[in-house]
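Listed below are the residues making up each chain.
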Amino acid sequence: MARSEGSGEIRVIPVTTEEDLWNFQRLPWRIYQHDPYWVPPLLSHQRRFLDHRQGPFFAIGEARYFLARRRGELAGRLSVHINGQYDEHNDAITGFFGFFECVPDREVARALFAAGAEWLRQRGKKRLLGPMNFTIYDEMGLLVEGYDSLPAIFQTHNPPYYQDLLTALGFSKAMDWYAMRITNREIDTEAMEQRLEGMLRKPSIVLRNYAPQEFARRSEEAYELFNEAWASHWGHVPVSRQQFESFLKEVKPLLHPELVHMALAEDRLVGFSIAIPDLNPLVQKLRGRLSLWGKLRLLYAAKYGKLRKVRGLMIAVRAAHRSQQLHTAMILRTYVYLVRHTPCEFADFSLIPEYLPHWRRTLEILGAQRYKTFRIFAKEI
């Protein structure tokens, strides 16, 4: 539990210099120095993501970063941000927070959120939602269950006491998201193939594996399909073309033909799914530094390394085709391939929102179990 008294002098400042931003990035090394499950971010990549001039988020939003010092030592950090797309498609009173890190001290957390809330109130916001780094389609959610394992690639991780810090400040649950994992390899792949064929037979759907040129040709279709497929879901904000292209560029080196599927009806893209190798065990060893040698190690592991851990990262199906079980079909195709052709020991499918129990049941039929819960919190400010 986080302590709440005896904190000493606390000072919160906005990040305004390169040194401040460096301190903002390096603070987690203090928080997680004894945590064997923390995966340090790649600092050069994160720097571009946070940069107001380069980060894809800043085409649609603005953000302010804060640092807290206690008795002169760095003790916490926080970002608060405004998403113009959220304002347009949901409401204009909600601001967001992310990149939260803090020593176990409620007063440090209180000072950080007071500064962030004031910045948001000056811009007309009355509600604070998060954590999101920066959007619901980036790394998001506070880990509230499942601290005893590495996060999968692009998942968050935090100490258990963070939940106490937020609830002590009056935050309450807004929504939970689940990570499901499959470790079972004892399956009848022939029976699954037959089931898959039945799903695709009527009406006729063609399920193709990833081919770089075709996927590039259909990137506009995929972009429109993603925003259409998730438009009615909680917290959805249409992603900008720049954000979508940035995501595709980031994951392109990780794509395997057999782990990316395109569902076509009369040559029209009606669904797609993307699974990628989970490189976090290797990323953890890099300790945040991406040297040339580190890049080569990651590229080799992504393209030629044995697939031992995989994360099902993204799935989307057009509304008119959801009754055809295309979600299940693409998951089955991925699962059968992993069992038949790889030594994969662990497949993570996430994040699954709590209001979609049928998705969880589909995965549970395949032997999946929930192993992590990520929570979005809300508070009136």
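Refer to the structure above for everything that follows.
Residues numbered from 1 in each chain as written. Predicted model: local features only at pLDDT ≥ 70, side-chain atom pairs only at ≥ 80, totals over all residues. Heavy atoms only, no water.

Right, let's get into the packing of helix H1 (residues 18–31) against helix H2 (residues 43–50). Where H1 contacts H2, the axes come no closer than 11 Å and their chain directions differ by 130°. As judged from the angle between their axes, H1 and H2 are oblique. Crossing hand, H1 versus H2: right-handed. Residues Glu18, Leu21, Trp22, Phe24, Gln25, Arg26 and Trp29 of H1 form the contact with H2, whose participating residues are Leu43, Gln46, Arg47 and Leu50. Classifying every residue of the contact of H1 with H2 gives 6 nonpolar, 2 polar and 3 charged. (Axes fitted to C-alpha atoms, helices over the stretch in contact; angles between N-to-C directions. Helix = DSSP H or I, 4+ residues; strand = E, 2+ residues; numbered from the N terminus. Parallel < 35°, antiparallel > 145°, perpendicular 65-115°, else oblique. Left-handed = near helix turned anticlockwise from the far one by under 90°. Contact = heavy atoms within 4.5 Å. Nonpolar A, V, L, I, M, F, W, Y, C, P; charged D, E, K, R; others polar.)

Those residues of helix H5 (residues 161–168) that fall on the buried side of the exposure criterion are Tyr161, Tyr162, Asp164, Leu165 and Leu166. Against H1, strand S4 (94–102), helix H4 (106–121), strand S8 (142–145) and strand S15 (369–380) lie the buried residues of H5. A positive phi of about 95° marks Gly170, the residue just after H5. (Buried < 20%, exposed > 50% of the residue type's maximum accessible area, 1.4 Å probe, protein only.)

Moving on, we get to the side chain of Asn83. Mapped onto the elements, Asn83 comes out in strand S3 (residues 73–83). In contact with Asn83, not counting residues within four places along its chain, are Phe57, Ile60, Gly61, Phe96, Thr135 and Val237.

Turning next to the packing of aromatic side chains. All told, the structure shown has 23 aromatic pairs when counted by the stated rule. Residues Phe58 and Phe134 carry aromatic rings whose centres are separated by 5.4 Å and whose planes lie at 70° to one another, so their mutual orientation is edge-to-face. Residue Phe58 is located in the loop between H2 and strand S2 (61–70), and its partner Phe134 is located in the loop between strand S6 (132–133) and strand S7 (139–140); the two are separated by 76 residues in the primary sequence. Residues Phe58 and Phe134 agree in their burial class; the two are buried. Consider the rings of Phe97 and Phe113, whose centres lie 5.0 Å apart with planes at 85°: the pair is edge-to-face. On the criterion of sequence distance, the pair formed by Phe97 in strand S4 and Phe113 in helix H4 is long-range, its members being 16 residues apart. Across the pair, Phe113 and Phe97 agree in class, each one buried. (Phe/Tyr/Trp six-rings, centres within 6.5 Å; stacked < 30°, edge-to-face > 60°.)

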